[in-house]
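The chain contents come next:
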Amino acid sequence: MSREITITALKYNPSDADSQPTFETYTLEETPGMTLYIALTKIKATIDHDLSSDFVCRAGICGACGMVVNGKPSLACKTLTSSFPEGKIDLLPLPTFPLIKDLSVDTGSWMQKMNIRVNSWIVANEPTDISKIEKRISPDVADEVFELDRCIECGLCVASCSTSLMKEDFVGAVGLSRIARFSIDPYDSRTDEDFYELIGDDDGIFGCMSLLACEDHCPKELPLQTKIAYMRRKMVMV
Amino acid sequence: MSQNDIIESITGKTVQKKKSKIPARLDLLQSISGLFLALFIVFHLIFESSILLGKESMYSLTKMFEADFIIEGGSPLIISMLAIIISILFVFHAFLAMRKFPRSYREHLRLKTHAKMLKHTDTNLWILQITTGFMLFFLGAIHLYTMMSQPQNIGPYASSDRIYTDLMWAMYLLLLVSVVLHTGAGVYRLIIKWGIFDGKNPRRNRILSKNIIKAVVVFYLFIGLYSLATYMKIGYEHKDNYGERYHSTSEVNHAS
Ligand code: HEM
Ligand code: SF4
Ligand code: FES
């Protein structure tokens, strides 16, 4: 049994001086297994060619399709329209990121800046000799590191965080979890003192007020609660 | 002024070209001051509820705090001292926690719309915490000053007269509700912020911590409100004898 659903989306193009922010409502037939990605593609193909939103993988892997769905930052390609019993869905672009147009935001430059700011790469004291087998690390530690590497930089943690919304320079859960990832990694030779130089201030770890919206909205279910607390304990002892 | 401070304020780094350690100390001190205040409140509300066991219990507890076991008749000065210590902690905590308040119109607007749309418990809990924290600025100050300046006016009749006849009940009602909610939210925050009860299953333990704190908050609100009502009742019955002090049943027997 199919039903009609209504989707309301914010439409606005900040680079067009004549553009006026408005809410546009679209009515369409729901199909079995319909995701918001499919619904938006259908709207773009049949109702409004001008509506913008981003997608790449359609499978919850690339992190491009984040948007605010009925108030909750979500991945459009992982959200089923059937999960809204009333059939009414309100869409907004992710806050905190620069708005490109309608539902499309620029998470890429934000993430790039963040990665540079937290030096999100391995820093090793010794040069790597690729002719030798790497030094062994325990599977538990490797798991912990890889768990954090599952981040897809979708920005939902940032968009759901009140601190990020209020303080533009706050590094965000994604930035803190990057630091935690390298701090756990035995291949990285940086000390807590070094990490303190990157996040030891009120825009870094001490800006976090532990509201845990990041933990509760991360589509990859990264352990943000425990890893942020872990970094806080380390940084406060430096 | 030290040259080091000037250098740091201009370059953003200390003379050693390092980030200051002050933000780390402040974050920890904010938690420690909150923890001590919370511990104080946890005991204070229990003692204050001794009125539920009768006037005599509340009276002897008051006298015990005035150290009547060493000083003849007890000395209210001890209460003043305690109030001064708590006040210092209180101002210090408020000064540190104040840094987290939303300031500008833009921050308030963003927080408000975001929280309304997000419907996220812990976000709302934080808003409750900053709201009650703001209320405590004023309510806590009134109460602490009263205790500092009139420590002798604590007792089954003196307190009840203050609450009923002096119309302090409204202030105490707001103070009670805001301090209990603020402390509950604050202790939960301490647990999450420092990962105190992460255990093997942090997600489950987070829910568990929240539920335990909820139960404790309900318990404290109950005994607090019940005690306030009891003081009101005593104050009402005692209104014609306003100003008269309570005398211990043992003292009365002794005199007769
Ligand atoms: C008896 C009084 C008080 C008690 C028991 C208490 C307790 C606490 C505790 C345990 C915390 C958590 C600490 C942390 O997150 O590091 C906290 C945080 C907080 N307190 Fe208080 N507090 C009291 C009074 C006040 C007052 C007067 C203010 C007014 C400014 C205030 C404002 C705050 C704020 C805004 C936070 C949140 C800080 C953050 O999110 O990082 N508190 N309080
Ligand atoms: S931590 Fe989670 S919510 Fe944040 S960017 Fe990574 S995957 Fe997205
Ligand atoms: S399109 Fe890649 S995560 Fe949704």
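Residues numbered from 1 in each chain as written. Chains lettered and ligands numbered in written order. Predicted model: local features only at pLDDT ≥ 70, side-chain atom pairs only at ≥ 80, totals over all residues. Heavy atoms only, no water.

Participant: Give me the site of ligand 2: which residues, what numbers.
Facilitator: All names here are of chain A. Around ligand 2, the surrounding shell holds 13 residues, and the nearest of these are C151, C154, G155, C157 and C218. Counting atoms within 2 Å of the grid points, the majority share of ligand 2 lands in the second largest cavity. For the shell around ligand 2, a count of residues per class yields ten nonpolar, one polar and two charged. (Near = heavy atom within 4 Å. 1 Å grid on protein atoms, 1.4 Å probe; cavity = no way out; pocket = protein on both sides within 12 Å on 5 of 7 lines; lining within 4 Å. Sits in = over half its atoms within 2 Å of the grid points. Nonpolar A, V, L, I, M, F, W, Y, C, P; charged D, E, K, R; others polar.)

Participant: An account of the environment of I78(B) is needed here, citing residue identities and associated values.
Facilitator: Residue and element names in this part refer to chain B. Its place among the elements puts I78 in helix α4 (residues 77-97). With relative accessibility at 31%, the residue I78 sits in the partly exposed group. Sequence-wise, I78 and N201 are 123 residues apart; in three dimensions their C-alpha atoms are separated by 45 Å. Beyond its immediate sequence surroundings of up to four residues, I78 is in contact with F65, E66, A67 and I71. (Helix = DSSP H or I, 4+ residues; strand = E, 2+ residues; numbered from the N terminus. Buried < 20%, exposed > 50% of the residue type's maximum accessible area, 1.4 Å probe, protein only. Contact = heavy atoms within 4.5 Å.)

Participant: Outline the site of ligand 1, listing residues and values.
Facilitator: Near ligand 1 lie 26 residues; those nearest to it are S31(B), H93(B), W126(B), H182(B) and K193(B). At the site occupied by ligand 1, the surrounding residues belong to chains A and B. Taking Q30(B), its side chain carries an N or O atom lying 2.8 Å from an oxygen atom of ligand 1. In the model, a nitrogen atom of ligand 1 is placed 2.8 Å from a nitrogen or oxygen of the H182(B) side chain. Contributing elements (two or more residues each) for the shell around ligand 1: α2 (22-48), α4, α6 (121-149) and α8 (169-194) of chain B. Broken down by element, the shell around ligand 1 gets its largest block of residues, seven residues, from α8(B). A breakdown of the residues in the shell around ligand 1 according to their chemical character gives 14 nonpolar, nine polar and three charged. (Polar contact = N/O pair within 3.5 Å; in protein donor to acceptor, adjacent residues only side chain to side chain.)

Participant: Lay out the coordination of the iron atom of ligand 1 in plain terms, naming residues and giving numbers.
Facilitator: Residue and element names in this part refer to chain B. On the protein side, the iron atom of ligand 1 has H93 (NE2) and H182 (NE2) as donor atoms, found 2.1 Å from it. Taken together, the six donor atoms coordinating the iron atom of ligand 1 span angles of 87 to 179 degrees at the metal, a pattern that classifies the geometry as octahedral. Residue H93 is found in helix α4, and its partner H182 is found in helix α8; the two are separated by 89 residues along the sequence. Residue classification places H182 among the buried positions, given a relative accessible area of 16%. (Donors = N, O, S within 2.8 Å, 3.2 Å for Na, K, Ca; no water. Tetrahedral: all angles 85-135°; square planar, octahedral: opposite > 155°, others 65-115°.)

Participant: How would you explain the domain arrangement of chain A if you had to name every residue and give the values?
Facilitator: Residues and elements named next belong to chain A. Considered domain by domain, chain A is made up of domain 1 (4-104) and domain 2 (106-125 + 136-236). Each of domain 1 and domain 2 has a C-alpha centre, and the two are 28 Å apart. Between domain 1 and domain 2 we count zero salt bridges in total. At the junction of domain 1 with domain 2, the criterion picks out three residue pairs in polar contact (both at pLDDT 80 or more). (Domains from an automatic or database assignment. Salt bridge = Lys/Arg side-chain N within 4 Å of Asp/Glu carboxyl O.)

Participant: With reference to specific residues and values, describe empty space enclosed by the protein.
Facilitator: The method is simple in principle: a probe with the dimensions of a water molecule rolls over the atoms, and the space it marks as empty is what remains. If you walk through the whole model with that rule in mind, you get four cavities of 30 Å³ or more. For the largest cavity, the calculated volume is near 180 Å³. Together, 18 residues line the largest cavity, and C208(A), S210(A), L211(A), L212(A) and C214(A) are the ones closest to its centre. Breaking the lining of the largest cavity down by element, the ones donating at least two residues are α8 (213-217) and α9 (224-237) of chain A together with α8 of chain B. Ranked by residues supplied to the lining of the largest cavity, first place goes to α9(A) with five residues. Across the lining of the largest cavity, the residue classes break down as 13 nonpolar, three polar and two charged. (Points joined across faces, edges and corners; volume = space filled by probe spheres on them.)

Participant: How would you summarise the layout of surface pockets if you had to cite specific residues and measurements?
Facilitator: In this model, the second largest pocket occupies a volume close to 750 Å³. Along its surface, the second largest pocket is lined by 30 residues, and L94(A), P95(A), T96(A), F97(A) and R110(B) are the ones closest to its centre. Of the residues in the lining of the second largest pocket, the class split is 19 nonpolar, five polar and six charged. Residues lining the lining of the second largest pocket come from more than one domain, with at least three contributed by each of domain 1 (4-104) and domain 2 (106-125 + 136-236) of chain A.

Participant: Requested: an account of the packing of aromatic side chains, with residues and values cited.
Facilitator: Counting across every chain of the model gives 15 aromatic pairs over all chains. Ring centres of Y37(A) and F55(A) lie 4.6 Å apart, and the angle between their planes is 65 degrees; this geometry places the pair in the edge-to-face category. Placement of the pair is Y37(A) in helix α1 (residues 36-46) and F55(A) in the loop between α1 and β3 (66-69), with a sequence separation of 18 residues. For the pair F97(A) and W110(A), a centre-to-centre distance of 5.3 Å together with 75 degrees between the ring planes defines the contact as edge-to-face. Here F97(A) is found in the loop between β5 (88-92) and β6 (99-101), whereas its partner W110(A) is found in helix α2 (residues 107-117), with 13 residues between them in sequence. Each member of the pair F97(A) and W110(A) is classed as buried. Between the NZ or CZ atom of R181(A) and the centre of the ring of F182(A), over which it lies, the distance is 4.4 Å. Between the NZ or CZ atom of R232(A) and the centre of the ring of W194(B), over which it lies, the distance is 5.7 Å. (Phe/Tyr/Trp six-rings, centres within 6.5 Å; stacked < 30°, edge-to-face > 60°. Lys NZ or Arg CZ within 6 Å of the ring centre and 35° of its normal.)

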